[in-house]
Amino acid sequence: MLQVKMPEAYKIEFLEVPVPEVEKDEVLIEMKRIGICGSDIQVYHGKHKYMKFPVVQGHEGAGIIVKAGKDVEGLKAGDRVTVQPQIFCGQCQPCKTGHYNVCQNLRVFGVHADGMACEYFLTDASKVLKLSAGMSFDEGAMVEPTAVAAGAIRRSGDVTGKNIVVLGAGAIGNLVAQVAKASGAGKVMITDINQKRLAIAANCNIQYCVNTRDRDLGDAISEHFGPNGADIIIDCAAVKASIRQAIHHSRCASKIVIVGNFKEPVEIEMPRLQRREVDMIGVMMYVRQDYEKAIGLIAAGQINTSALISDYFDIKQFKEAYEHIDHHMSDVMKVMITIGE
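Residues numbered from 1 in each chain as written. Predicted model: local features only at pLDDT ≥ 70, side-chain atom pairs only at ≥ 80, totals over all residues. Heavy atoms only, no water.

### A look at the packing of helix 4 (residues 143-156) against helix 5 (residues 171-182)
Between helix 4 and helix 5, the least distance of the axes is 8 Å, while the angle of their chain directions is 55°. Here helix 4 lies oblique to helix 5, going by the angle between them. The element helix 4 and its partner helix 5 pack so that their crossing is right-handed. Within the contact between the two elements, helix 4 uses Pro 145, Thr 146, Val 148, Ala 149, Ala 150, Ala 152 and Ile 153 and helix 5 uses Ile 172, Leu 175, Val 176, Val 179 and Ala 180. Across the contact of helix 4 with helix 5, the residue classes break down as 11 nonpolar, one polar and no charged. (Axes fitted to C-alpha atoms, helices over the stretch in contact; angles between N-to-C directions. Helix = DSSP H or I, 4+ residues; strand = E, 2+ residues; numbered from the N terminus. Parallel < 35°, antiparallel > 145°, perpendicular 65-115°, else oblique. Left-handed = near helix turned anticlockwise from the far one by under 90°. Contact = heavy atoms within 4.5 Å. Nonpolar A, V, L, I, M, F, W, Y, C, P; charged D, E, K, R; others polar.)

### Looking at the packing of aromatic side chains
Inspection of the entire model under this criterion finds seven aromatic pairs. Ring centres 5.0 Å apart and planes at 65° place the aromatic pair Tyr 10 and Tyr 44 in the edge-to-face group. You can see Tyr 10 sitting in the loop between strand 1 (2-5) and strand 2 (13-16) and its partner Tyr 44 sitting in helix 1 (residues 38-44), a full 34 residues away along the chain. Classification of Tyr 10 as partly exposed rests on a relative accessible area of 42%. Centroid distance Phe 318 to Tyr 322: 6.0 Å. Interplanar angle 35°. Geometry classified as tilted. Here Tyr 322 and Phe 318 lie together in helix 11 (residues 318-327), a separation of four residues that amounts to about one turn. Overall, the relative accessible area of 2% leaves Phe 318 in the buried class. According to the relative accessible area criterion, Tyr 322 is buried, its value standing at 1%. An aromatic cluster is built from Tyr 10, Tyr 44, Phe 318 and Tyr 322, whose rings are joined through pairwise contacts. (Phe/Tyr/Trp six-rings, centres within 6.5 Å; stacked < 30°, edge-to-face > 60°. Buried < 20%, exposed > 50% of the residue type's maximum accessible area, 1.4 Å probe, protein only.)

### Description of the pattern of salt bridges
Tallying each qualifying case throughout the model produces 13 salt bridges. Two residues, Arg 33 and Glu 341, come together in a salt bridge whose shortest N-O distance is 3.0 Å. Here Glu 341 lies in the segment after strand 17 (334-338) and Arg 33 lies in strand 3 (residues 26-36), a separation of 308 residues in the sequence. Salt-bridge contacts for Lys 334 lead to Glu 60; the nearest nitrogen and oxygen are separated by 2.9 Å. Taken together, the residues Lys 334 in strand 17 and Glu 60 in strand 4 (residues 60-68) connect sequence positions 274 residues apart. Relative accessible area serves as the criterion here: at 3%, Lys 334 is assigned to the buried category. Look at the salt bridges and you will find they share partners, linking Arg 33, Asp 138 and Glu 341 into a network. (Salt bridge = Lys/Arg side-chain N within 4 Å of Asp/Glu carboxyl O.)

### A few points about the sheet that holds strand 15 (residues 279-282)
With parallel pairing, the six strands of this open sheet are ordered in space as 12-11-10-13-14-15. With one partner strand each, in any of the chains shown, strand 12 (208-211) and strand 15 form the two edges of the open sheet. Geometrically, the sheet is characterised by an average inter-axis angle of 20° between neighbouring strands, direction not taken into account. As defined by bridge partners, strand 10 (residues 163-167) adjoins strand 11 (residues 187-192) across five bridges and the pair is classed as parallel. Within the sheet, the bridge partner assigned to Leu 167 lies in strand 11 and is Thr 191. Those strands touched by helix 6 (residues 195-203) are strand 11 and strand 12, and its axis lies near 175° from that of strand 12. With respect to the sheet, helix 7 (residues 217-225) is in contact with strand 10, strand 11 and strand 12, its orientation differing from that of strand 11 by roughly 160°. (Pairing = 2+ DSSP bridges.)

Put into structure tokens, the structure is as follows:
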């Protein structure tokens, strides 16, 4: 079978390797879609702090089960599925308390362990979730980033009726805003300095789309949310300017939720957080209930994933896909890799 390996930054190799043998508790998936996300781009550039080359990428994927081990229950050949790509020890304190997404020994397919960039992918059945009837492979590959958004909203607490600001209108920010809306938030605002991304957010029915290059965030919050301001500010941009905005425009007894992947340390105005009793909450990936929620929301038509897909490339065009992203960074939202089609 074909496998795509990255031996070093900016280099892609296409290998012919044997199709893996299926053990009793495993499933073999014929891969159909792989999404490329921001962390994949960091790996390609050699700037991901938590991985080592060589690596087979691919942690956002969907396909069809072609074989299930004899002890596997609830999954069978022919099922359309996606994969929750976390490998955790189950023994550390976070794992024992249900926080395996921050396992002390956490590994992730496509980052620390070989991922789904291949024609056939073998994994433990426990990491496989069946897609709802009628879901496409595109939607299946979008479950993982939607689960990130579901995890962010879960960590935000009960959002029913709350005023929420999402900083950053990239793919994750867009999905966070959509999941917030689908989870009963009162008013949802998304911000960016990229008007194209804001136009996509508007197409996904996000209520308020604000270009903070042209508009002061505080003025926008006052206009759309009134004197009570924002209950929750969710930072999906993860740059110095965004966290400073979040802190500066936080309200007393409100929340700031950190979703974006900061690439370097930043100074924050700690006295402002303390004196206003603002909760700052970190988010790391997801747990299974977030995956289940993501599948449910997509299947119910409450999340628009198609608007986020910018381009398609065949698996044999992996290098071209990354070059396209590098040359069109401001235009690209989600690039999909197709396999066997």
